[in-house]
Amino acid sequence: MISTQIIGNYKFVLFVDDVGIERNSVKILDNILREANLLYEINDGSVTVLKQTNVILEAISRLELEYNEKDIFTNIQKLKLNENVSQIFAWISSNNVHSKILIPFLEHMSELIVTIKSNNQLSILSKSKSGNVKLKEYHHELMNNKTMIKEIKIEKVQEQKEDVNVDNIGTFKIGQFTAEELEAKRNLKLPFEKINSINQEKKEAKIIYTPDNVDDFDEEDDPDNDLQFI
Amino acid sequence: MALLVSACGFTEPRKFITINESCDTDGSFLISSLIGQRLRQQSSAIILVCCHQSLKYYETCGRKLGYNLSMSISKKSFIAIEPLRDIIEATTLKSIQSDKWFDDVHEKIKDFQNNGVRHISVIIDDVSFFRTFGCSEAQLIKISIKLNDLTRQYDGLSVILKIGLTDLHQHLANNIQDLSDCSITVERMKSGDFWDVDGKLIIKKIKCDNGFYSTESERTLLYHIGDHNVKLIAPGEHGLKF
């Protein structure tokens, strides 16, 4: 039942209609109030607000024809501050209102926002006095003149971490050797190991030069000695 | 033509019909066929506020569609209000901007009612004209609400409102459409122009059960305007034929 979610602690309840069922707004609100056993009467003129009165405003698009935005906001705020008013219900249709500021500002003013998103889905956003904000999604049948709603539970997909066997991932063996393989591995000398072993054996460095037959050696020590360099 | 009239719900006891005309389309053929259908009814009268086309246009259309509008005018079963004709005069412009034309319409409804006319049709072609000449959207919506209230007040009264250029006046069109029990949308084909199809009609009929409004039926039809008739085609009906 939608009434169980709406009737209660929230002073200003706003219905935001994105579908275009404003024509049925009175009927829908009537059904909700009847469910909660709340009686109401329609008054066109000035009304004296008695103790614990619920106020249903005319559709905001109709109020917009007569009043400017400021007047609408001021009067709703006055009703909110009135101690004799227990709850205020307003309906705003995004297709029918002209002013772009109306919906966001009224959403800011309200404590509970029922957004009719599509023909079968609505969301209820509630703001508690402690500052907590809850958003829940529901399936609805308002188009069939029914007030039943069913919560859509968003299932959290938990990632299950499986123990991964590293040996099965690769295409080669890591760490598992047969005795022969292990022996071969131990005996294998890598190129840098070979160089190190040679260096260890011959500690002094030596240039060994083997001349070719065509190589020409000067016997003199310094061939340029005869030149007089200053 | 009979098919068009019945498909659009003109033969049914609908009280408030809106015709939404998007840009680059002309729904005047609907008004012409509606006038023909209403004139054939016994004890009927029509009040036509013609802003989109002149009265001469409807007379010519009537001759093509097989009814004589001049005869109905002389019999005083057809009254035309032509704000376009006297638009140069400043007083006319003021009366357009004010609600005076609505008061004129109301007076004429009362006269017909007093003369015992059973079926009165008020046709406004089209509302966006008033928007062009300085009426606000709120003012036009309020007049539409008043007209809707009149349909409840007078039993035999039905109101047909045409809203032109709905692409530009979406807010106005949405609000007026919310009052209707039958709305007809005239659109161009999104895929382009064809020699055998001029556009499409989306006909949405609304029913009311115990104060709860729901869609009774919604259908889309293609139309082609010929010289003396309008041909309706179901989508998908046309194809290659040998």
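All values derive from a computational prediction rather than experimental measurement.

Topic: the overall build of chain A
- Each helix and strand in chain A was counted, giving eight helices and seven strands.
- In chain A, which comprises 230 residues, the proportion classed as buried is 28%.
- Counted over contacts in chain A with a minimum sequence separation of 6, partners at least 24 positions apart contribute 65%.
- Summing over all exposed atoms, chain A offers an accessible surface of approximately 17800 Å²; the carbon and sulfur share of this is 50%.

A word on the interface of chain A and chain B
- Facing 18 residues of chain A, the contacting portion of chain B comprises 17 residues.
- Here chain A and chain B share an interface that buries about 1500 Å² over both sides, 49% of which is from carbon and sulfur atoms.
- Counting the contacts that link chain A with chain B gives one salt bridge.
- Put simply, B:Lys142 and A:Glu66 hold a salt bridge, and the shortest N to O gap is 3.9 Å.
- Every element with two or more residues in the side of chain A that touches chain B is listed here: helix 2 (25-35) and helix 3 (60-66) of chain A.

As for the pattern of salt bridges
Residues and elements named next belong to chain B.
- Applying the stated rule across the entire model yields 14 salt bridges over all chains.
- A salt bridge links Glu 21 to Lys 162, with the nearest nitrogen and oxygen atoms 3.0 Å apart. With Glu 21 in strand 1 (residues 16-21) and Lys 162 in strand 5 (residues 157-163), this pair connects stretches of sequence that are 141 residues apart. Accessibility assignment for this pair places Glu 21 and Lys 162 in one class, buried.
- The salt bridge partner of Arg 152 is Asp 149, with a shortest N-O separation of 3.2 Å. Of this pair, Arg 152 and Asp 149 both sit in helix 8 (residues 137-153), separated by three residues, roughly a single helical turn.
- Residue classification places Arg 152 among the exposed residues on the basis of a relative accessible area of 56%.
- Here the residues in one salt-bridge network are Glu 12, Arg 14, Lys 205 and Glu 216, joined through shared partners.

Each value, and the rule that gives it
- Residues numbered from 1 in each chain as written.
- Chains lettered and ligands numbered in written order.
- Predicted model: local features only at pLDDT ≥ 70, side-chain atom pairs only at ≥ 80, totals over all residues.
- Heavy atoms only, no water.
- Helix = DSSP H or I, 4+ residues; strand = E, 2+ residues; numbered from the N terminus.
- Buried < 20%, exposed > 50% of the residue type's maximum accessible area, 1.4 Å probe, protein only.
- Contact = heavy atoms within 4.5 Å.
- Areas by Shrake-Rupley, 256 points an atom, 1.4 Å probe, with all protein chains shown as cover.
- Buried area = accessible area lost by both parts, 1.4 Å probe.
- Salt bridge = Lys/Arg side-chain N within 4 Å of Asp/Glu carboxyl O.

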